[in-house]
Amino acid sequence: DDTAANLDLTDGSSVGSATGKVGDGANFVSASSDVLSRADHATLRPGPDLTIQAWAKFNSFVDFAGIVNKHTSGSNGFQIVTVNTNKIQFYVLDTGGGFKMAETAALSTGVWYHIIATYDSADKIARIYINDGAAVVSDVLTNGIDVSGAADFLVGSHQTGIFANAVIDQVAFWQRVITSTERTRLYNSGNGCAYADLVATDCVTGAPTVIRHRVIQ
């Protein structure tokens, strides 16, 4: 089920604000170790299905910097990271300590991208969609995603402390795989979906867990 938990993030480094895709966005600076975090919560764990949304505009592509990240070292959870080939990777980690990854084509700095990442427990495949385009898919995750991890939910940082250089906006999480119609509504021809509309389920059927902070809503 979807939950409009509206979980507040903790600012660990005085993250600045910048013009977001919809309203304000969080301006993450790698050199300042910027990160927003939320302690583990039941609605932020895979259900075992999941969907993660974020809008991001990159100032540079820091190798293995976190966009959205929730996992303990090498063992469970999920992570969306940048790599220095100007790509985004979406990892899901399984109950046997393995992982599978879906990787986008090369992207550009200074451009807003709508990121949707999903994991479907029915086929055990991770998918990532950029700007409502076709899915990039992983190989099958042998043992299924590990839902037991109690790691913090991080925006703007990898759990090992590698920080993004990007403006990130409109972060949301569902414990299900959203539909293609919902993806299209969230992208909204490149205009995004306002925070109030997201919570009111005008863009999707059923409210997400919306990750709130003054600089990303």
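Scroll up to find the structure.
Residue positions within a chain follow its written sequence, with the count starting from 1. Side-chain atom pairs in this predicted model are given and counted only at pLDDT of 80 or more, local residue features only at pLDDT of at least 70, and totals for whole chains, interfaces and linings cover all residues. The side-chain figures draw on all heavy atoms in the structure; neither hydrogens nor water molecules are used.

Peer 1: I'm lost on the overall build of the chain in this one. Help?
Peer 2: A run of DSSP states H or I qualifies as a helix once it reaches four residues; a run of E qualifies as a strand once it reaches two. Both are numbered from the N-terminal end. Check the secondary structure of the chain and you find two helices and 16 strands. Counting across all 217 residues of the chain, residues that qualify as buried make up 51%. Contacts were defined at the residue level, with two residues in contact if any of their heavy atoms lie within 4.5 Å. Excluding contacts between residues fewer than 6 apart, the proportion of contacts in the chain whose partners are at least 24 apart in sequence is 66%. Note on areas: these come from Shrake-Rupley sampling with a 1.4 Å probe, and a residue is covered only by the protein chains present in the view. Counting every atom, the chain has about 8200 Å² of accessible surface; 45% of that belongs to carbon and sulfur. Burial classes: relative accessible area under 20% of the type maximum marks a residue as buried, over 50% as exposed, and values in between as partly exposed (1.4 Å probe, protein chains only).

Peer 1: Help me understand the nonpolar core in this model?
Peer 2: Side chains that are nonpolar tend, in soluble globular proteins, to be buried together. Side-chain atoms within 4.5 Å are what join buried Ala, Val, Leu, Ile, Met, Phe, Trp, Tyr and Cys residues into a set we call a nonpolar core. Of all hydrophobic cores here, the largest spans 37 residues; its most connected members are Phe78, Ile88, Phe90 and Ile168. The element best represented in this core is strand 6 (residues 50–60), accounting for five residues. Grouped together as the second largest cluster of nonpolar side chains are ten residues, Ile116, Ile178, Cys193 and Val204 included.

Peer 1: How do you make sense of the pairing of strand 7 (residues 65–72) when you look at a structure like this?
Peer 2: The side chains of a regular strand alternate between both faces of the sheet. Of all eight residues in strand 7, seven are buried, a share of seventy percent or more. We treat two strands as partners when DSSP finds at least two bridges between them. Bridging between strand 7 and strand 14 (residues 153–155) involves two bridges; their strand directions are antiparallel. Bridging across to strand 14, Val68 finds its partner in Val155.

Peer 1: Can you help me understand the side chain of Gln170 in this one?
Peer 2: With respect to the helices and strands, Gln170 occurs in strand 15 (residues 165–174). As used in this structure description, the phrase polar contact means that two N or O atoms lie within 3.5 Å; if the pair is within protein, one of them must be able to donate a hydrogen and the other to accept it, and residues adjacent in sequence are counted only when both atoms belong to side chains. Here Cys193 takes part through its backbone oxygen, which lies 2.9 Å from a polar atom of the side chain of Gln170.

Peer 1: Would you mind going over helix 1 (residues 180–187) with me for this structure?
Peer 2: Restricting attention to buried positions, one finds in helix 1 the residues Glu182, Arg183, Leu186 and Tyr187. Considered in projection along helix 1, the buried side chains sweep an arc of 135 degrees and stay on one side of the axis. Once helix 1 ends, the next one or two residues include Asn188, with phi positive near 55 degrees. For this quantity, the arc is that covered by the directions from the helix axis to the C-beta atoms.

Peer 1: Any chance you could explain the pattern of salt bridges here in plain terms?
Peer 2: Criterion for a salt bridge: a side-chain nitrogen of Lys or Arg within 4 Å of a carboxyl oxygen of Asp or Glu. For the structure on display, the rule yields five salt bridges. A salt bridge links Glu103 to Lys87; the nearest nitrogen and oxygen atoms lie 3.6 Å apart. One end of the pair, Glu103, is in strand 10 (residues 99–103); the other, Lys87, is in strand 9 (residues 87–93), and 16 residues separate them in sequence. Accessibility expressed as a relative area gives 29% for Glu103, which makes it partly exposed. Since its relative accessible area comes to 23%, Lys87 is described here as partly exposed. Among the salt bridges present, the one from Glu182 reaches Arg176, with a minimum N-O distance of 2.9 Å. Through salt bridges with shared partners, a single ionic network connects Asp40, Arg45 and Lys70.

Peer 1: Mind showing me how you'd approach the pairing of strand 3 (residues 16–19) here?
Peer 2: The sheet contact formed by strand 3 and strand 4 (residues 24–28) spans four bridges and is antiparallel. Paired with Ala18 across the bridge in strand 4 is Gly25. Counting the residues in the hairpin turn of strand 3 and strand 4 gives four residues, including Gly23, whose phi is positive at 75 degrees.

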